[in-house]
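Notes for the structure review
Below, each chain spelled out in residue letters.
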Amino acid sequence: MFFHFKRPLKMAVTNTAIYAFSHHGTRPLTSKSFGSRGTNIDSNKLKLAADYLMDPEHKEPNLESKLKTQQHVVDISSSEYEKQAKSEATLDKLYVVGLPVYKWTKPVQFIVCVGGVFFFYLIYGYMQELIFRLEGFKPFGWYLTLIQFASYIVFGVTEKKLKEPAERRIPLKTYAILAFLTVATMGLSNSAVGYLNYPTQVIFKCCKLIPVMIGGVLIQNKRFNIIDVIAAMCMSVGLIFFILADSTVSPNFDQRGIIMISLALCADAVIGNVQEKAMKSHHASNTEVVLYSYGIGFIYIFIGLLLHGSLLSAFRFCYQYPLETYGYAVIFSITGYLGIMFVLSLIRLFGALLAVTVTTCRKAVTIILSFLFFTKPFTQQYIWSGILVLLGIFFNVYSKNQRKIDDMIANKIRQIIILIQQRGHRMQRHDSRQMFDV
């Protein structure tokens, strides 16, 4: 293949040589040197480019032909570089709900994102349980998800038009997968609330590690360390006893709810990592991911309800109780959308693991508030089985961040020892002064 230049050859080679020597000096260059620019230039090409630049009168007639007969295509158009630089600069300016998060320090970003996740998702959980308290709404969980997805599309389109270009970055094939996982996670979770006690649904969603480990062993033949095994065992035992307690005291317990939430859990265990990989690989914004994931997901759900024949019956039922259904669903959707924006920001800024940890802690608080705000049967078995699940989550987090946590604990212990030693030295000096005064 030949070199293809969008400008005259001399100008293109000049830019290549200037870029090469200004960024790398006299060091040997390989194709990796230009990996971030999307080009593939080896040292031979650069030497030829430099020779061409240093030969303004072109005394060597074969030099230009040598450049043209290289095997790789090099696109060094300045417009492409400017476009990419402008794009990366725009993506670095991360906004969440209009807040300029990119201007803040890491601790402030973390506090704001975590605060947003807790605030909006606690309201989200309250509204979700409140909607299903309406008698007769139990079979219409998928219709609620349809309203939720429609609201997210409106929010996403509005936000995208206000502050972002219409260009899509992530391929539609990836969005089709993301949409399917999102529909499975949210649709099955919403539907399960009608068949399970709400705290049981939430405690299930805290146990993502279990399907992740099972899939890793069966599909990828992974081996997990002893801490991961202990974490999975704690979660499994805690989950089993929580379900047994719920089946004993809760009048809403239904095995269909267990199947729904289990499938939702499997999808939820995958979606965080898929989102993180897609956003980082394609430099996509939070708004784009939400808009396309929920837009395609809306189509999935709409077609599913039409084929099932439950779309009209759900519409008629909600038409009879507009405030308790559509009104609450709008609040439910707004808080869910804002919560998603903060979760995606956490994923983008700090990674999927920290985001999962934060959302799991939020779910623990949601369980407590559910018992406080809504009257439901309670047993002591809920407490210790929930503690077992939280213990499993702790072991999971520790396993993934063992070195960091060990270093942090060692530093804290070292600081305490130094503080005790300093205090001991002060007391000794104080005692010696008292003896001297005497």
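You'll find the structure just up there.
Since the structure is predicted, the reported quantities are computational estimates derived from the model, not experimental observations. Within each chain, residue numbers correspond to sequence positions counted from 1 in written order. The predicted nature of this model means local features are confined to residues of pLDDT at least 70 and side-chain atom pairs, given and counted, to a pLDDT of 80 or more, with totals for whole chains, interfaces and linings taken over all residues. Computation of side-chain values: all heavy atoms of the structure, hydrogens and water removed.

Its 24 residues give helix 10 (residues 226-249) an end-to-end C-alpha distance of 35 Å, which sits within 8% of 34 Å, the value for a rise of 1.5 Å per residue. Buried means the residue's accessible area, taken with a 1.4 Å probe over protein chains only, is under 20% of the maximum for its type, while exposed means over 50%, and partly exposed covers the values in between. Runs of E in the DSSP output that reach at least two residues are strands. Runs of H or I that reach at least four are helices, and both are numbered from the N terminus. Of the residues making up helix 10, those classed as buried are Ile227, Asp228, Ala231, Ala232, Cys234, Met235, Gly238, Leu239, Phe242, Ile243, Ala245 and Asp246. Multiplying one less than the number of residues by 1.5 Å gives the expected span of a helix.

Right, let's get into empty space enclosed by the protein. The way it works is a 1 Å grid over only the protein atoms, where trapped points that fit a 1.4 Å probe form a cavity and open points with protein on both sides within 12 Å along at least five of seven lines form a pocket, and then any residue with an atom within 4 Å of a point lines it. Grid points are joined across faces, edges and corners, and a volume is the space filled by probe spheres set on the points. The tally for this structure, following the rule as stated, stands at two cavities of 30 Å³ or more. Empty space within the largest cavity amounts to approximately 600 Å³. Those elements that provide at least two residues to the lining of the largest cavity are helix 5 (106-132), helix 7 (172-193), helix 8 (198-205), helix 11 (255-282), helix 12 (286-308), helix 14 (322-350) and helix 15 (352-373). It is helix 15 that contributes the most residues to the lining of the largest cavity, six residues altogether. Under the convention adopted here, Pro, Cys and the residues Ala, Val, Leu, Ile, Met, Phe, Trp and Tyr are nonpolar, Asp, Glu, Lys and Arg are charged, and Gly plus all remaining residues are polar. For the lining of the largest cavity, a count of residues per class yields 17 nonpolar, 11 polar and five charged.

This next bit is on the packing of aromatic side chains. Geometrically, a pair of aromatic rings is defined through the distance of the ring centres and the angle of the planes. Aromatic pairs are defined between Phe, Tyr and Trp rings, using the six-membered ring for Trp, whenever the two ring centres lie within 6.5 Å; interplanar angles under 30 degrees are classed as stacked, those over 60 as edge-to-face, and all others as tilted. All told, the structure shown has 25 aromatic pairs when counted by the stated rule. Ring centres of Tyr152 and Tyr294 lie 4.7 Å apart, and the angle between their planes is 80°; this geometry places the pair in the edge-to-face category. With Tyr152 in helix 6 (residues 141-163) and Tyr294 in helix 12, the pair connects residues that are 142 residues apart, well separated along the chain. By relative accessible area, which is 0% here, Tyr152 ends up buried. Where Phe242 meets Tyr382, the ring centres are 4.7 Å apart and the plane angle is 40°; that geometry is what we call tilted. Here Phe242 is found in helix 10, whereas its partner Tyr382 is found in helix 16 (residues 380-400), with 140 residues between them in sequence.

Right, let's get into the pattern of salt bridges. Salt bridges are identified by distance alone: a Lys or Arg side-chain nitrogen within 4 Å of an Asp or Glu carboxyl oxygen. Tallying each qualifying case throughout the model produces one salt bridge. For Arg133, the salt bridge is made with Glu129, and the minimal N-O distance between the two is 3.5 Å.

In this section: the packing of helix 8 against helix 10. The convention used is that axes are lines fitted to C-alpha atoms, helices contributing only their stretch in contact, and that angles between N-to-C directions extend from 0 to 180 degrees. One way to put it is that helix 8 packs onto helix 10 with a least axis distance of 10 Å and a crossing angle of 170°. Classified by the interaxial angle, the pair formed by helix 8 and helix 10 is roughly antiparallel. Together, Pro199, Thr200, Ile203 and Phe204 of helix 8 and Leu239, Phe242, Ile243 and Asp246 of helix 10 make up the contact between the two elements. Split by residue class, the contact of helix 8 with helix 10 holds six nonpolar, one polar and one charged. Any angle from 65 to 115 degrees is called roughly perpendicular, while one under 35 is roughly parallel, one over 145 is roughly antiparallel, and all others are oblique. Whether two residues touch is decided by their heavy atoms; if any such pair falls within 4.5 Å, the residues are in contact.

Backbone geometry at His283 places phi at a positive 55°, although glycine is not the residue there. Here His283 is to be found in the loop between helix 11 and helix 12. Overall, His283 belongs to the partly exposed group, its relative accessible area being 41%.

To continue, consider the side chain of Asn190. As for its position among the elements, Asn190 is in helix 7. For Asn190, a relative accessible area of 1% puts it in the buried group. Engagement of the side chain of Asn190 in a polar contact is seen with the side chain of Gln128, the distance being 2.5 Å. Not counting chain neighbours up to four residues away, the residues in contact with Asn190 comprise Tyr124, Gln128, Phe132, Gly141, Leu144, Thr145, Gln148 and Phe332. Think of a polar contact as two N or O atoms within 3.5 Å of one another; within protein, one of them needs to be a possible hydrogen donor and the other a possible acceptor, and neighboring residues in sequence only count if both atoms come from side chains.

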